[in-house]
Amino acid sequence: MAPVHLNRTMALEQELNNFYCDLHVHIGKTSSGESVKISGSRDLTFAGIAREAAERKGIELIGIIDSHSPPVQRDIMDCLDSGEMTAAAGGGIAYRGTTIVLGAEIEIREPGRKECHVLAFMPDLVAMQDFSGWMSRHMRNINLSSQRLYAPARVLQDEIYGRGGVLIPAHIFTPHKGLYGCSAERMADIFDLNRIAAVELGLSADSEMAGYISELDRYSFLTNSDAHSLGKIGREYNVMQLAEPSFAELRKALERKEGRGVAGNFGLNPRLGKYHRTYCSGCGSIIDEEAATSERCPYCGSLKLVQGVWDRILHIADREAPVVPAHRPPYHYQVPLEFIPGLGKAKMKVLLEAFGNEMNILHKAGEAEIAAVAGADLAAKIVAARTGTLELSAGGGGTYGKVVQPGGSKKDKS
């Protein structure tokens with residue numbers, strides 16, 4: 001019997017494939033024009049995100065945050081009733097080879113602490129509707145995105161996991177509502193660590209930086225876009241090894257069970273993140289020093305400093321050097337296509353016509369193939385973007401870093 005069992009295991013592993021996943025995309029408006037994420041684009045409707053992910057981006061598992069909003073749920077039901085979308089086997093909503101997992105971004109604030117954001121994902125629309133019903137009794141406006149929940153963090157965990165969902169702290173290091181960035185020095189101060197599915201690093205951190213904090217060793221890391229416009233979908237993403245794109249497979253991947261897992265994180269070099277380094281709101285300087293430990297700005301002497309992600313990590317670290325566990329996949333520095341100097345709408349249209357979607361451009365098209373379509377100079381830049389070798393200036397204070405062009409000019413894509 002042992003050989004038969006082994007062969008079955010090998011067959012199961014052979015059925016796994018890599019899928020591109022971005023699990024943090026906001027709804028801007030409903031199809032009828034109702035606002036959900038105030039800062040989100042009006043094109044960010046449930047159907048609009050699904051089309052962008054499936055047709056232009058090549059994202060095969062997309063997490064649509066704000067699916068807790070009852071007006072958004074009406075849009076979802078319309079998509080299902082029309083037959084445009086279907087319930088996915090294993091959980092989620094299926095659309096043209098892409099599966100949507102239904103999520104909510106929630107703001108919590110424990111007594112004596114600043115607020116932070118978490119992501120909650122549910123296996124299906126029924127579970128999300130039930131979860132919304134509970135949240136509506138502890139939230140002032142259930143229709144809007146990222147609203148404050150007036151309930152303890154561990155009660156929130158009870159409600160999420162009791163419905164078969166998962167909880168993921170969002171953009172954990174950012175000074176703007178990140179758990180470590182402004183709310184706590186240890187996640188255990190707020191949550192039951194056994195009921196955390198994974199953590200989202202955010203645009204200004206990478207796996208090595210997170211390796212300074214030992215309680216994170218057990219978790220899978222996610223790199224997501226936190227997109228507030230269609231163009232930002234997939235600016236950071238994950239490659240996951242799954243049998244199929246679904247909620248059930250996502251849960252297994254985050255738990256690293258049965259061969260499933262996060263096979264790679266693709267994110268901005270942290271220097272491009274808009275909260276990477278400490279920022280002086282007095283003179284507007286980004287303090288891009290080896291160690292920004294002073295309480296005063298070294299340029300103007302102001303005390304009005306917004307501590308950057310890297311400087312915050314060094315401040316709360318419980319290790320002298322980072323540790324990257326054996327289960328941690330590679331973190332690939334990748335500059336999004338929209339950051340690349342010279343790649344405008346016309347050239348992007350030509351590339352998409354040639355290669356189908358952005359994931360194909362980034363992962364499958366060879367340099368010679370790209371050069372034949374868009375020219376040698378742009379092809380070289382795209383290859384450099386894949387490998388993170390473009391020269392960068394640091395971000396901070398809410399402004400993205402920049403790709404430095406030859407001759408010292410900078411392409412500002414914030």
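In the block above lies the structure referred to throughout.
A brief report on the enclosed structure follows. Note that the structure is a prediction, hence the values are computed from the model and not measured. For every chain, the first residue of the written sequence is number 1, and numbering continues from 1 onward in sequence order. Only residues with pLDDT of at least 70 get local features here, since the model is predicted, and only at 80 or more are side-chain atom pairs given and counted; chain-wide, interface and lining totals rely on the full set of residues. Derived side-chain values reflect all non-hydrogen atoms in the structure, with water molecules and hydrogen atoms excluded from consideration.

**Quick look at the environment of Asp158**
Then, number 1: Segments assigned H or I by DSSP are reported as helices when at least four residues long, segments assigned E as strands when at least two residues long, and all are numbered from the N terminus. Along the polypeptide, Asp158 turns up in helix α5 (residues 153–162).
Then, number 2: Asp158 sits in the partly exposed class, given a relative accessible area of 40%.
Then, number 3: Sequence separation between Asp158 and Arg195 is 37 residues, and the spatial gap between their C-alpha atoms is 8.7 Å. A simple rule labels every residue: compare its accessible area, found with a 1.4 Å probe on the protein chains alone, to the largest value its type can have, and call it buried under 20%, exposed over 50%, or partly exposed in between.

**Observations concerning the nonpolar core**
Then, number 1: In this text, buried Ala, Val, Leu, Ile, Met, Phe, Trp, Tyr and Cys residues form a nonpolar core when linked through side-chain atoms within 4.5 Å. One finds Ile106, Phe173 and Leu216 to be the most contacted residues of the largest nonpolar core, which totals 99 residues.
Then, number 2: In what follows, a contact means two residues having at least one pair of non-hydrogen atoms within 4.5 Å. With near-sequence residues (within four places) excluded, Phe173 lies in contact with Tyr180, Gly181, Leu201, Ala205, Ala210, Ile213, Leu216, Val309 and Ile313.
Then, number 3: Counting residues in hydrophobic clusters, the runner-up holds 21 residues, among them Phe19, Cys21, Ile168 and Ala253.

**Focus: the pattern of salt bridges**
Then, number 1: Every case where a carboxyl oxygen of Asp or Glu lies within 4 Å of a side-chain nitrogen of Lys or Arg is listed as a salt bridge. Summed over all chains, the structure comprises 22 salt bridges.
Then, number 2: Its salt-bridge partner being Arg163, residue Glu159 comes within 2.6 Å of it at the nearest N-O pair.
Then, number 3: Salt bridges sharing common partners tie together Glu52, Arg56, Lys57 and Glu358.

**As for helix α10 (residues 345–355)**
Then, number 1: Of the positions making up α10, those classed as buried are Met348, Leu351, Leu352 and Phe355. Projection of α10 onto a plane perpendicular to its axis shows the buried side chains occupying an angular sector of 100 degrees, all on one side. In α10, those exposed residues whose orientation departs by more than 90 degrees from the buried face are Ala346, Lys349 and Glu353. Arc, as used here, means the arc of the directions from the helix axis to the C-beta atoms.

**Looking at the pairing of strand β7 (residues 166–169)**
Then, number 1: Side-chain alternation along β7 places Val166 and Ile168 on one buried face and Leu167 and Pro169 on a second face that is also buried.
Then, number 2: Where strand β6 (residues 116–122) lies against β7, four bridges are found, and the strand directions are antiparallel. Paired with Ala120 across the bridge in β7 is Leu167. A strand pair is defined by DSSP finding two or more bridges across the two strands.

**Observations concerning the side chain of Thr223**
Then, number 1: As for its placement among the helices and strands, Thr223 is situated in the loop between β9 (220–222) and β10 (237–242).
Then, number 2: In protein, a polar contact requires one atom able to donate a hydrogen and another able to accept it; more generally it is a pair of N or O atoms within 3.5 Å, and residues adjacent in sequence count only if both atoms are side-chain atoms. There is a polar contact of 2.9 Å between the side chain of Thr223 and the backbone oxygen of Tyr237.
Then, number 3: Other than its neighbours up to four places away in sequence, Thr223 contacts Leu201, Glu236, Tyr237, Asn238, Asn265, Phe266 and Tyr331.

**A short note on the layout of surface pockets**
Then, number 1: Grid points spaced at 1 Å over the protein atoms alone were grouped into cavities, where a 1.4 Å probe fits but cannot get out, and pockets, open sets with protein on both sides within 12 Å along at least five of seven lines, with lining residues defined by an atom within 4 Å of a point. Grid points are joined across faces, edges and corners, and a volume is the space filled by probe spheres set on the points. Estimated volume of the second largest pocket: approximately 380 Å³.
Then, number 2: Along the walls of the second largest pocket sit 21 residues, with Arg56, Gly231, Glu338, Met348 and Glu358 positioned nearest its centre.
Then, number 3: Counting only elements with at least two residues in the lining of the second largest pocket, the list comes to α2 (46–57), α10 and α11 (358–363).
Then, number 4: Charged means Asp, Glu, Lys or Arg here, nonpolar means Ala, Val, Leu, Ile, Met, Phe, Trp, Tyr, Cys or Pro, and polar covers whatever is left, Gly included. For the lining of the second largest pocket, the per-class residue count stands at nine nonpolar, three polar and nine charged.

**Description of the sheet that holds strand β14 (residues 305–306)**
Then, number 1: Judged by pairing direction, the sheet is antiparallel, and its three strands sit side by side in the order β13-β12-β14 without closing on themselves. Every interior strand has two partners, whereas the edge strands, β13 (286–287) and β14, have only one.

**Here we look at the pairing of strand β1 (residues 17–25)**
Regular strands show a simple pattern: their side chains alternate between the two faces of the sheet.
Then, number 1: Burial of β1 is extensive: seven of the nine residues sit out of reach of the surface.
Then, number 2: Direction of pairing for β1 relative to β10: antiparallel, over a ladder of five bridges. What sits directly across from Cys21, in β10, is Asn238.
Then, number 3: As judged from the three bridges shared by β1 and strand β2 (residues 61–64), these two strands associate in the parallel manner. Bridge pairing in β2 links Cys21 to Leu61.
Then, number 4: Whether a crossover is right-handed depends on one test, that the path from the first strand over the helix to the second runs clockwise when the strands point away from the viewer. What joins β1 to β2 is α2, and the crossover it makes is right-handed.

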